[in-house]
Protein chains: 2
Amino acid sequence: MHKLGAMQDWPLRVMRLVDHAEREHADGEIVTAWADGTTTRTNWRNVAHDARRMAQALEALGIRPGDRVATLAMNHSHHLTSWYGAIGMGGVLHTINPRLFDEQLEYIANHAEDRVLLYDHVWAPVVERMKPKWTTIEKYICFDPPAGSNGDTGFIDWLEPFDGNYQWVDGDERDPCGLCYTSGTTGNPKGVLYEHRSSLLHAMAEIAPDCFDLSARSVVLPIVPMFHANAWGIPWAAPMTGSKLILSADYRPDRMCDLFRDEKVTHSAGVPTIWLGMIEHIERTGEELGDLKIVTIGGSAAPRAMIKWFRDRGVQVGHAWGMTEMSPIGTIGAPPSNWDKMSDAEQMDFVAKQGRSLFNVELRTVDDDGHVLPRDGETSGRLQARGPWVIKRYFKFEEDATDADQWFDTGDVATIHPDGTLQITDRSKDVIKSGGEWISSIELENAAVGCPGVAEAAAIGIPHPKWDERPLLVCVRANGSDVCEGQIREHLTAHVARWWLPDAIEFVEELPHTATGKLSKKMLRDRFRDYRFADAVAMTGRD
Amino acid sequence: MHKLGAMQDWPLRVMRLVDHAEREHADGEIVTAWADGTTTRTNWRNVAHDARRMAQALEALGIRPGDRVATLAMNHSHHLTSWYGAIGMGGVLHTINPRLFDEQLEYIANHAEDRVLLYDHVWAPVVERMKPKWTTIEKYICFDPPAGSNGDTGFIDWLEPFDGNYQWVDGDERDPCGLCYTSGTTGNPKGVLYEHRSSLLHAMAEIAPDCFDLSARSVVLPIVPMFHANAWGIPWAAPMTGSKLILSADYRPDRMCDLFRDEKVTHSAGVPTIWLGMIEHIERTGEELGDLKIVTIGGSAAPRAMIKWFRDRGVQVGHAWGMTEMSPIGTIGAPPSNWDKMSDAEQMDFVAKQGRSLFNVELRTVDDDGHVLPRDGETSGRLQARGPWVIKRYFKFEEDATDADQWFDTGDVATIHPDGTLQITDRSKDVIKSGGEWISSIELENAAVGCPGVAEAAAIGIPHPKWDERPLLVCVRANGSDVCEGQIREHLTAHVARWWLPDAIEFVEELPHTATGKLSKKMLRDRFRDYRFADAVAMTGRD
């Protein structure tokens, strides 16, 4: 169509966030609670200035637009600055989860072809161990080197020669700006390549009253690592609104309670496991949550008792659903129009579900043949999503992750209610969600069958009062073998992260299979429906 | 840069709004207060269905994507439906202000090449008068024909044959979707061609806590005509949030008060003149504003007394600045981070200014040579803007309305404060340039109407041999008042700088106004074209 007039060309670029914050909220505070117990304060003026210096430092290293700049770090202001510095010179920020096991760390840094890595001193042992295996990283920067260290360049020292006289690299809004790997259900981790446009649209949606409700008066403390889907986008949302941003490298409940009280936190967000720890601490010590108004709970389903605990204290719970592939927010349970007319029980029932889709996110459920299922609040099926901050293609994949109509299969099983409310009825088939982290059952199984004497193995998640789920490994012994739990455990220890180790191992004569010969997790779960770990029961009894 | 992965392709199209509302807020109410005193209710399910039927009806007429479909109507649900129907089939919605003069009505409908016009019966005399002059309109539809009418087809009858089995026309997010003419300061009205992308991004920004703060629990009543920059975008924002939308074709204060009370309106928006009428009515009758929480005031500066009146009743005032060319919101005065620490006087001072720019809107002031001025809260200059919902090129113009760096000159004169707060001091064409310094005509006028006995005042620049221009103040006395020049001068002396004092004060029976009710400085200047100050020569001698 011939254009007879026009609104402006205006690529949605992430750097507009820090430009806006520097202009409109220059004194807006960013508070860091460091792991060593100290607290520091900075503001958007400083972050913007240091980000420009870092962009200069990266260019001095020969880093070019599109190159990946990795971080291995907890939440703090230098980490925040490094995000804007890396993206500001056109780089792609790759946030690595330091808790991955070595094979994964090796795979993703090499697969991403990271050229620079910035890391916290606390992860120095990991970095030293991995250096021989990381083949593309040319430069290591330590965010917080100890005084007198002879190791890698410190972040402050690295920026020292640069004056911040720098113009951000401009470009298309569909350019990549971030890379975040997700532990897949099968095979290697897969990289989600965020774009400037997707990140900005997600942040614009996130600040809305019916999502995170962030304003210039908000004080927001994400208790979500910055390497988990960019701390759920909160470091993008804060400069957009001028909300005071609290970053904590230390998740211990007493430190958190200090922050809630001293910084007058109004908004927070985290996985259920984090809140379980906080609640246990507060119940024990009598501490309080101060000015907290809204808490967003996501990553896995929020237990009803947790929702009730917050509601009893006047805190609104936003029960969210999302995934790394969705930037990450897909739905959230903001109070609907008839909220004030609902009984307490009706409100509880509403919040216990995962809420409604944000504008720009479309959801549907389909059966195994791909037929769209009704939104009747009963039928459950595979949950599919689409929208501008939903993945199209994983990093370096040859094919799209979506079907012809752009639907992305989330791997979750859900029911959609007539009012659009989402209810996740089953976890994704294979993944065990432990404390907000994902454990790949297939990798556990693969490791287990590598143990001499194990013929077949299946890992499933068993409900756990503290961790949501912990893995149960069910094994079939090879003919004639008398392999025991201890031997399998010893074998696994050499192949998976320690926190992936199953809480129990059970032996069975055979595992259930589908007609096509595939292991049926569903039937296995049915068989172990009432299974509980021995020590989990004891833990429940303590409360 | 080679794309190694991607987020989804997802054009930001306006029709996603009604799709979202139909899916997530199908029962969300749209209430219409009609001019005949009746009130009707519908919901997004019905609006979406009827919009699909209208799209079919337009296609049956041979209307094609890109064609202009005009409306000449007040605020009501049929008008709302027609917006989505016109845009849904790829058309461009042209909202015409029925109160324009015949010459303007003739010019803009012909210039827009409107092919269909939908109108309210109340404007039938205008339509009948204009039909011989409108050369491109092929089909007239009356939204609300009286029973037994033999005139143009009624809206309901027109849709009757169609079943709503229709898929919206898809396309690029930069396609046009709306056209709105702004009465130019000189020459013919100019058309602003809104795009799908600009409309959606503006709506996403508008619902944020620090703009209109709209949620599913909100009840929003725009007292802004739908032909004024799309009722400030509220009919786009409501389906995004599921806010209950109240449309009123009747602006009489008693009817408004009924709506505020009966529908439990929480959010409203309008120009100062509307609120003056409301306040006068409420003061006289003792009626109340019910649940009103936030009122947005824009279009022209909100007087301090009006801001105080709302604040005294617990209503938050969002003082906004914008223009048709900006979709329309540029800035709004949401409470800053230190709001609770501000004194009442400081809060008043803050709200009396026009607030801070929304994320994605950039502002600057420049002097007559184009040099960027400091944000010092003192220097005033020409206000320029850029952003994704700011105009680039007027409809059918050969050249952009922006400079090489995409800055659009707003025609306003403003000061920007160090915290980013905007303070509009004048229209650039109205500013009085005296000896190289600028005198704000608006501030002079505001000071003058504060003098007892002055009903209305206008200040214009008169050529002066030494100072280039000096102010002439033209006043209308209040009924029964015999206020004299000396009294006004004495009053002004206490409120403006000495060198701002007008060189002469003239009294008139009435001041000229435009079709939209704004004071017409242009007509006033024409009237005083040959005016000269008696003592201008003598004054030259004084120095």
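For the structure, see preceding data.
Presented here is an overview of the structure given in this document. (Residues numbered from 1 in each chain as written. Chains lettered and ligands numbered in written order. Predicted model: local features only at pLDDT ≥ 70, side-chain atom pairs only at ≥ 80, totals over all residues. Heavy atoms only, no water.)

**Quick notes on the interface of chain A and chain B**
Phase 1: Taken together, the contact between chain A and chain B spans 77 residues of the former and 77 residues of the latter.
Phase 2: Here chain A packs against chain B, burying approximately 6300 Å² in sum over the two surfaces, 53% of which is carbon and sulfur.
Phase 3: Its largest share of buried area at the contact with chain B, chain A owes to M7, Q8 and F359 of chain A, together 15% of the area lost on that side.
Phase 4: On inspection of chain A and its partner chain B, the count reaches 12 salt bridges.
Phase 5: D210 of chain A is the salt-bridge partner of R217 of chain B, the closest N and O atoms lying 2.6 Å from each other.
Phase 6: Linking chain A to chain B there are 40 residue pairs in polar contact (both at pLDDT 80 or more).
Phase 7: When residues of the side of chain A that touches chain B are assigned to their parent elements, the largest contribution, six residues, is made by helix α7 (residues 196-206) of chain A.
Phase 8: Summarising the sheet, strand β20 (residues 391-393) of chain A and strand β1 (residues 6-7) of chain B pair through two bridges and their orientation is antiparallel. (Contact = heavy atoms within 4.5 Å. Buried area = accessible area lost by both parts, 1.4 Å probe. Salt bridge = Lys/Arg side-chain N within 4 Å of Asp/Glu carboxyl O. Polar contact = N/O pair within 3.5 Å; in protein donor to acceptor, adjacent residues only side chain to side chain. Helix = DSSP H or I, 4+ residues; strand = E, 2+ residues; numbered from the N terminus. Pairing = 2+ DSSP bridges.)

**Observations concerning helix α9 (residues 234-241) of chain A**
Residues and elements named next belong to chain A.
Phase 1: Of all eight residues that make up α9, eight are buried, and the element is covered over most of its length.
Phase 2: For α9, the full list of buried residues reads I234, P235, W236, A237, A238, P239, M240 and T241.
Phase 3: Positioned one or two residues after α9, G242 has a phi angle of 80°, which is positive. (Buried < 20%, exposed > 50% of the residue type's maximum accessible area, 1.4 Å probe, protein only.)

**Some points on the packing of helix α7 (residues 196-206) of chain B against helix α9 (residues 234-241) of chain B**
Residue and element names in this part refer to chain B.
Phase 1: The geometry of α7 relative to α9 is characterised by a closest axis approach of 9 Å and an angle of 65° between their N-to-C directions. Regarding the angle of α7 to α9, the classification is roughly perpendicular. By crossing handedness, the relation of α7 to α9 is classed as right-handed. Residues S199, L200, A203, M204 and E206 of α7 form the contact with α9, whose participating residues are I234, W236, A237 and M240. (Axes fitted to C-alpha atoms, helices over the stretch in contact; angles between N-to-C directions. Parallel < 35°, antiparallel > 145°, perpendicular 65-115°, else oblique. Left-handed = near helix turned anticlockwise from the far one by under 90°.)

**Re unusual backbone geometry**
Most peptide bonds are trans, and most residues other than glycine sit at a negative phi.
Phase 1: Each neighbour pair has its own omega, and for S327 of chain A with P328 of chain A the value is 5°, a cis peptide bond.
Phase 2: With respect to the secondary-structure elements, P328 of chain A resides in the loop between β15 (316-322) and β16 (329-332).
Phase 3: At Q406 of chain A, a residue that is not glycine, the phi angle is positive and equals roughly 75°.
Phase 4: Tracing the sequence through the fold places Q406 of chain A in the loop between β20 and β21 (408-416).
Phase 5: Overall, the relative accessible area of 15% leaves Q406 of chain A in the buried class.
Phase 6: Residue K396 of chain B is not a glycine yet carries a positive backbone phi of 65°.
Phase 7: As for its placement among the helices and strands, K396 of chain B is situated in the loop between β20 (391-393) and β21 (408-416).

Interpretation note: all reported values are geometric properties and have no functional meaning in isolation.
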